[in-house]
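# Understanding the architecture of this molecule
So the chains spell out like this:
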Amino acid sequence: MVEQRLIDTLWILICSVLVFIMQPGFSCLESGLARAKNTINVAIKNLTDFGISSILFWFLGFGFMFGESQRGLIGTNHFFLSFDRHSWFIAFFLFELVFCGTSTTIISGAVAERMRFRAYIVVAAIVSCLIYPVFGHWVWNGLESNAYSGWLGRLGFRDFAGSTVVHSLAGWVSLSALIIIGPR
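## What to know about the overall build of the chain
Within the chain, the regular secondary structure consists of 7 helices and 2 strands. Here the C-alpha radius of gyration of the chain, 17 Å, is about what a compact globule of 184 residues would show, namely 16 Å. Viewed in the frame of its principal axes, the chain has a C-alpha envelope of about 55 × 35 × 25 Å. Burial analysis of the chain (184 residues in total) assigns 46% to the buried set. Of all intrachain contacts in the chain linking residues separated by at least 6 positions in sequence, the fraction that spans at least 24 positions is 68%.

## What to know about the nonpolar core
Judged by nonpolar contacts, the single largest core of 38 residues is most densely connected at Phe 57, Phe 62, Met 65, Tyr 120, Tyr 132, Trp 140 and Val 165. Of all the secondary-structure elements, those providing two or more residues to this core are helix H1 (2-20), helix H3 (39-66), helix H4 (87-110), helix H5 (117-140) and helix H7 (163-181). Once you skip the residues sitting within four places of it in the chain, Phe 57 turns out to touch Phe 62, Met 65, Phe 93, Glu 96, Leu 97, Cys 100, Ser 128, Tyr 132 and Pro 133.

## Let's talk about the side chain of Asp 49
Note on placement: Asp 49 falls in helix H3. There is no salt bridge for the buried Asp 49, and the closest opposite charge comes from Lys 45, which lies 8.8 Å off by N-O distance. A distance of 3.2 Å separates the side chain of Asp 49 from the side chain of Thr 105, its partner in a polar contact. Those residues in contact with Asp 49 that lie beyond four places of it in its chain are Gln 23, Gly 101, Thr 104, Thr 105, Ser 108, Tyr 120 and Ala 124.

## Looking at the packing of H4 against H7
At a minimum axis separation of 9 Å, H4 and H7 run at an interaxial angle of 35°. Where H4 crosses over H7, the handedness of that crossing is right-handed. Side by side, H4 and H7 meet where Phe 99, Thr 102, Ser 103, Ile 106, Ile 107 and Ala 110 of the first sit next to Val 166, His 167, Leu 169, Ala 170, Val 173, Ser 174 and Leu 178 of the second.

## Quick word on the side chain of Glu 30
Relative to the assigned elements, Glu 30 resides in helix H2 (residues 22-33). No salt bridge is formed by the buried Glu 30, whose closest oppositely charged neighbour, Lys 45, lies at an N-O distance of 7.8 Å. With near-sequence residues (within four places) excluded, Glu 30 lies in contact with Val 42, Asn 46, Thr 105, Ser 108 and Gly 109.

## Overview of the packing of aromatic side chains
Across all of its chains, the model carries 17 aromatic pairs by this definition. Aromatic pair Phe 57 and Phe 62: ring centres 5.9 Å apart, planes at 80°, arrangement edge-to-face. You can call Phe 57 buried: its relative accessible area is 0%. On the basis of an interplanar angle of 20° and a centroid distance of 6.0 Å, the ring pair of Phe 57 and Phe 93 is categorised as stacked. Placement of Phe 57 in helix H3 and of Phe 93 in helix H4 is noted, with a sequence separation of 36 residues between them. As far as the burial class goes, Phe 57 and Phe 93 line up, both buried.

## Regarding unusual backbone geometry
Look at Arg 71: it is not a glycine, yet its phi comes out positive at around 60°. One can find Arg 71 in the loop between strand S1 (69-70) and strand S2 (74-75). By relative accessible area, which is 68% here, Arg 71 ends up exposed. With phi around 50°, Phe 80 is a residue other than glycine that occupies positive phi space. Note on placement: Phe 80 falls in the loop between S2 and H4. By relative accessible area, Phe 80 is classed as partly exposed at 46%.

Parameters and conventions
Residues numbered from 1 in each chain as written. Predicted model: local features only at pLDDT ≥ 70, side-chain atom pairs only at ≥ 80, totals over all residues. Heavy atoms only, no water. Helix = DSSP H or I, 4+ residues; strand = E, 2+ residues; numbered from the N terminus. Rg over C-alpha atoms; globule rule 2.2 N^0.38 Å. Buried < 20%, exposed > 50% of the residue type's maximum accessible area, 1.4 Å probe, protein only. Contact = heavy atoms within 4.5 Å. Core = buried A, V, L, I, M, F, W, Y, C linked by side-chain atoms within 4.5 Å. Lys, Arg positive; Asp, Glu negative; His and termini not counted. Salt bridge = Lys/Arg side-chain N within 4 Å of Asp/Glu carboxyl O. Polar contact = N/O pair within 3.5 Å; in protein donor to acceptor, adjacent residues only side chain to side chain. Axes fitted to C-alpha atoms, helices over the stretch in contact; angles between N-to-C directions. Left-handed = near helix turned anticlockwise from the far one by under 90°. Phe/Tyr/Trp six-rings, centres within 6.5 Å; stacked < 30°, edge-to-face > 60°.

None of the figures reported here should be taken as evidence of function without further support.
Take a look at the structure:
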């Protein structure tokens, strides 16, 4: 049993690294698709949004997402997550953290060259602290114990690889931002 938990933890850490590698990949992709004068701005947005999402996800987001469920709507504990827990729990936190960063970075690509830096930072903060964790709670809360407690999870909704929680959510936030920004 101990060996299996160790293998599970190692696997989660390897997967976390692979998802984290998407960050520089997105930065290169978005910078390559932007005009030369905006490449530094796009790259800095990618770096900054991961930093902001990491801090806010640790501060509040993980608690909202995986804390004890309040009526299947929002988590109520695990805020300011302490790192003196079991290694599997810390690996799980890192895995979820890199997906939070990926979600905000997808939005960066959609609004590249169309949104001011400060406005994008506000969007990244709202997404990583509130929108992503709350929606993730609805779908994934209880995932680590296979006892889903979010309202969508209890209804049988499953999102194995983040196609809805990470990618679709980022797409819908991107679409909302682009509608607000308006046409070029």
